[in-house]
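Topology and contacts: notes
Letter by letter, the chains look like this.
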Amino acid sequence: SDGGIQYHDRRVYRIRCGQCLIAFLVFKNRKEFVMYAIRGATTVKTDSREEIFKATTELLQAILDANGIDVSELISLHFTQTKDLVSVYPATAARLNGYGSVALFSGVEPDVKGGLPRCIRVIAYAEGKKEKVVSVYLGDAEKLREETV
């Protein structure tokens, strides 16, 4: 046992993603652990708890629908929000709207000159294999599609 984690029948896999370190526990009897990531973004007109809740919920549902997946397949959701959104964390909106079993994280996006204001971005990590992943951009965030081409 190390730090409360028992290693007797498990292995810990660590994946570095930017400055984040994601650790997964995988049982030995599983032959493989495969995951993929889905990008998404949306915007709100004003910085209000209600708008952020609504926009976050719509974005997550659109990601699930576009990729034909269920909440149970999600491993984690990593949100960023622009510094002009301070009413509530998008992760709080997700937790209170049925994503409580998913690992959630919110952070502030770097303040970039000319960046899209009042923007919420997410990267959703899901278990399984996908030949084609559909990124979802809603509202004014549709402009971000041009950046990804």
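Before going into details, it helps to say that this report is about the structure given with it. These numbers were taken from a predicted model, which means no experiment stands behind them.

Right, let's get into the pairing of strand β4 (residues 74–81). Burial analysis of β4 places seven of its eight residues in the buried class, the great majority of the element. For β4 and strand β5 (residues 103–108), the ladder comprises six bridges, and the chain directions are parallel. Residue pairing across strands places H78 opposite F105, the latter belonging to β5.

This part takes up the sheet that holds strand β7 (residues 136–137). On the basis of which strands lie adjacent, the open sheet formed by five strands has the order β5-β4-β6-β3-β7 and mixed pairing. Of all the strands in the sheet, just β5 and β7 have a single pairing partner and so form its edges. Set on the sheet, helix α1 (residues 49–67) makes contact with β3 (35–43), β4, β6 (119–127) and β7; between it and β3 the angle comes to about 140 degrees.

The rules behind each value
- Residues numbered from 1 in each chain as written.
- Predicted model: local features only at pLDDT ≥ 70, side-chain atom pairs only at ≥ 80, totals over all residues.
- Heavy atoms only, no water.
- Buried < 20%, exposed > 50% of the residue type's maximum accessible area, 1.4 Å probe, protein only.
- Helix = DSSP H or I, 4+ residues; strand = E, 2+ residues; numbered from the N terminus.
- Pairing = 2+ DSSP bridges.
- Contact = heavy atoms within 4.5 Å.
- Axes fitted to C-alpha atoms, helices over the stretch in contact; angles between N-to-C directions.

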